[in-house]
Amino acid sequence: MVSKGTVLFLLFCHGATVSGWLFFSPSEPDPFENDMTKFELYTRLNDDTFSTGTGQAVGKNLKAVTNSNFNASLPTKIFIHGWFGGGWNWYIRDMRRQMLIHEDCNFIEVDWSEESVNINYAEAKLSAQQVGKNTAEFIIWLHDNFGLDYSLVHIIGHSLGGQAAGAAGKYLQNPPIGRISGLDPAQPGFNLTDPSDTLGPEDADFVDVIHTTFVAIKPMGHVDFYPNGGSLGVPALTWIHSHLQAVYIYTESINGHCQFTSYVCESYSKLTNGGCETYCPTARSCNQMGYHASPSGALGSLQLQIREAKPYC
Ligand SMILES: *[C@@H]1O[C@H](CO)[C@@H](O)[C@H](O)[C@H]1NC(C)=O
Ligand SMILES: *[C@@H]1O[C@H](CO)[C@@H](O)[C@H](O)[C@H]1NC(C)=O
């Protein structure tokens, strides 16, 4: 259960984000005011790791995108946060920096905090599906107006954002987008036997998933990674922490030195008892958890052992 203090804290942060958005357009009406899904663009030209500048508010607005650093020749990475998340979350900035260090790209942060900060999970769940649809419509619009290549689109979604990514992928089938990475995608409240309701392998050319909490372990991708059995930490005590570990690990995997080599194995206990092959004679024998997961590596449910703190190996 969320304590009163936590709710007040989140509402405070929420307020800060709203004023941040007002700051972007002090004199003219916000062109996206009727749309609760905000898109903020970063490239190497306006990220503080490489240059100066802040995120650029974009959306289905020709002037906004034309005046931004969006470059359709680059891969486009889209991050969608989860329940009670928002643009203020430091772990989004960390991921963006590591991604831009790794490669020049359009990194678009989807901020749906106007709806995600909602104690009513069922409502937040419906909003997440709408966010997915809004994101898909923006992607189609970028394709139609700026020549965005669907195969270069990679959506990374955490928690309910993982399900939003799935909803976006279902909307974008002709052709599908290149990749979706689901970071501990939410499962409570979703019909896990209905492929139209949850993130699944049909939602992109390649779907990779990391599971870090015990409440969300059903496989949902071409490849599903279960670090330490898919339940990090002491879940009853540190549920939020376990849930966020998927994001931290993914960020670490981009440029870090850990290999995160994962193997086909029935269970984590079998892996740690030496009951599974842990060598990699062919590409299909193993895969790398995180950003460097590959569609030509081992697929299905994979196990690996990690340390529970940075750098995780
Ligand atoms: C867009 O990206 C391509 C590929 O990296 C690059 O060659 C080109 O100069 C970029 N365009 C602009 C306007 O920065
Ligand atoms: C879940 O989806 C399955 C398959 O579409 C369907 O048969 C079932 O009735 C659904 N369950 C609920 C609770 O909606």
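The preceding data block contains the structure.
Computed from a predicted structure; not experimentally measured. (Residues numbered from 1 in each chain as written. Chains lettered and ligands numbered in written order. Predicted model: local features only at pLDDT ≥ 70, side-chain atom pairs only at ≥ 80, totals over all residues. Heavy atoms only, no water.)

A short note on the pattern of salt bridges
Going through the model one piece at a time under the given rule, you end up with 12 salt bridges. The closest approach of N and O atoms between Lys170 and Glu202, which form a salt bridge, is 3.3 Å. Of the two residues, Lys170 is situated in helix α6 (residues 160-171) and Glu202 in the loop between β6 (179-183) and β7 (206-210); the sequence distance between them amounts to 32 residues. Judged by relative accessible area, Glu202 falls into the partly exposed class, the value being 38%. When salt bridges that share partners are traced, they join Asp47, Arg96 and Glu109 into one network. (Salt bridge = Lys/Arg side-chain N within 4 Å of Asp/Glu carboxyl O. Helix = DSSP H or I, 4+ residues; strand = E, 2+ residues; numbered from the N terminus. Buried < 20%, exposed > 50% of the residue type's maximum accessible area, 1.4 Å probe, protein only.)

Topic: the site of ligand 2
Around ligand 2 sit Asn191, Thr193 and Asp194, and those are all the residues in its vicinity. Note that an oxygen atom of ligand 2 is positioned 2.3 Å from one of the side-chain N or O atoms of Asn191. Compared with its free state, where it exposes 360 Å², ligand 2 has 26% of that area covered by protein. (Near = heavy atom within 4 Å. Polar contact = N/O pair within 3.5 Å; in protein donor to acceptor, adjacent residues only side chain to side chain. Areas by Shrake-Rupley, 256 points an atom, 1.4 Å probe, with all protein chains shown as cover.)

Section: the sheet that holds strand β1 (residues 38-42)
Hydrogen bonds along the backbone pair up the strands of a sheet, which may run parallel or antiparallel. A sheet is described by the order of its strands in space; here 11 strands give the open sequence β2-β1-β4-β3-β5-β6-β7-β8-β11-β9-β10, paired in mixed fashion. The open sheet is flanked by β2 (56-58) and β10 (286-288), the only strands paired with a single partner. In this sheet, adjacent strand axes meet at a mean angle of 25 degrees when their direction is disregarded. Where strand β5 (residues 153-158) meets β6, five bridges bridge the pair, whose relative direction is parallel. In the sheet register, His158 faces β6, and the bridge partner there is Leu183. Across the sheet, helix α3 (residues 90-102) is in contact with β1, β3 (76-80), β4 (106-111), β5 and β6; its angle to β4 comes to roughly 165 degrees. α6 contacts β3, β5 and β6 of the sheet and is inclined by roughly 145 degrees relative to β5. (Pairing = 2+ DSSP bridges. Axes fitted to C-alpha atoms, helices over the stretch in contact; angles between N-to-C directions. Contact = heavy atoms within 4.5 Å.)

Regarding the side chain of Ser116
Here Ser116 is to be found in helix α4 (residues 113-116). Its relative accessible area of 0% is what places Ser116 among the buried residues. Here Gly85 takes part through its backbone oxygen, which lies 2.6 Å from a polar atom of the side chain of Ser116. When near neighbours in sequence (up to four residues on either side) are disregarded, Ser116 contacts His81, Gly82, Trp83, Phe84 and Gly85.

Some points on the packing of aromatic side chains
Per the stated rule, a full pass over the model turns up 10 aromatic pairs. Aromatic side chains Trp83 and Phe84 sit 5.2 Å apart centroid to centroid with 55 degrees between the ring planes, which places their arrangement in the tilted category. On the accessibility criterion, Trp83 (27% relative accessible area) is partly exposed. Under the relative-accessibility criterion, Phe84 is labelled buried at 12%. Centre to centre, the rings of Phe138 and Trp141 are 6.1 Å apart; their planes meet at 25 degrees, and the pair counts as stacked. In this pair, Phe138 and Trp141 are both assigned in helix α5 (residues 121-146), three residues apart and thus about one turn of the helix distant. (Phe/Tyr/Trp six-rings, centres within 6.5 Å; stacked < 30°, edge-to-face > 60°.)

Examining unusual backbone geometry
Asn174 connects to Pro175 through a cis peptide bond whose omega is 5 degrees. Looking at where Pro175 falls in the secondary structure, it is placed in the loop between α6 and β6. Despite not being glycine, Asn228 has its phi angle at roughly 50 degrees, a positive value. With respect to the helices and strands, the residue Asn228 is situated in the loop between β8 (223-227) and α7 (239-255). Of note in the backbone geometry, Phe260 takes a positive phi value of approximately 55 degrees without being a glycine. Among the secondary structure elements, Phe260 is positioned in the loop between α7 and β9 (261-264). Owing to a relative accessible area of 6%, Phe260 belongs among the buried residues under this scheme.

Examining the site of ligand 1
Looking at ligand 1, the residues that line it are Asn71, Ser73 and Leu74. In isolation ligand 1 has 360 Å² of accessible area, and contact with the protein removes 29% of it.

Quick notes on the nonpolar core
Within the largest apolar cluster, 37 residues are counted, with the highest numbers of intra-cluster contacts made by Ile78, Ile80, Ile139, Leu142, Ile155, Ile177 and Ile180. For this core, the secondary-structure elements that each account for two or more residues are β1, β3, β4, α5, β5, α6 and β7. With eight residues, the single largest contributor to this core is α5. The residues touching Ile177, leaving out its near neighbours within four places in the chain, are Tyr150, Val153, Ile155, Leu172, Asp203, Ala204 and Asp205. Ranked by size, the runner-up nonpolar core spans 33 residues in total, among them Leu183, Ile254, Cys258 and Leu302. (Core = buried A, V, L, I, M, F, W, Y, C linked by side-chain atoms within 4.5 Å.)

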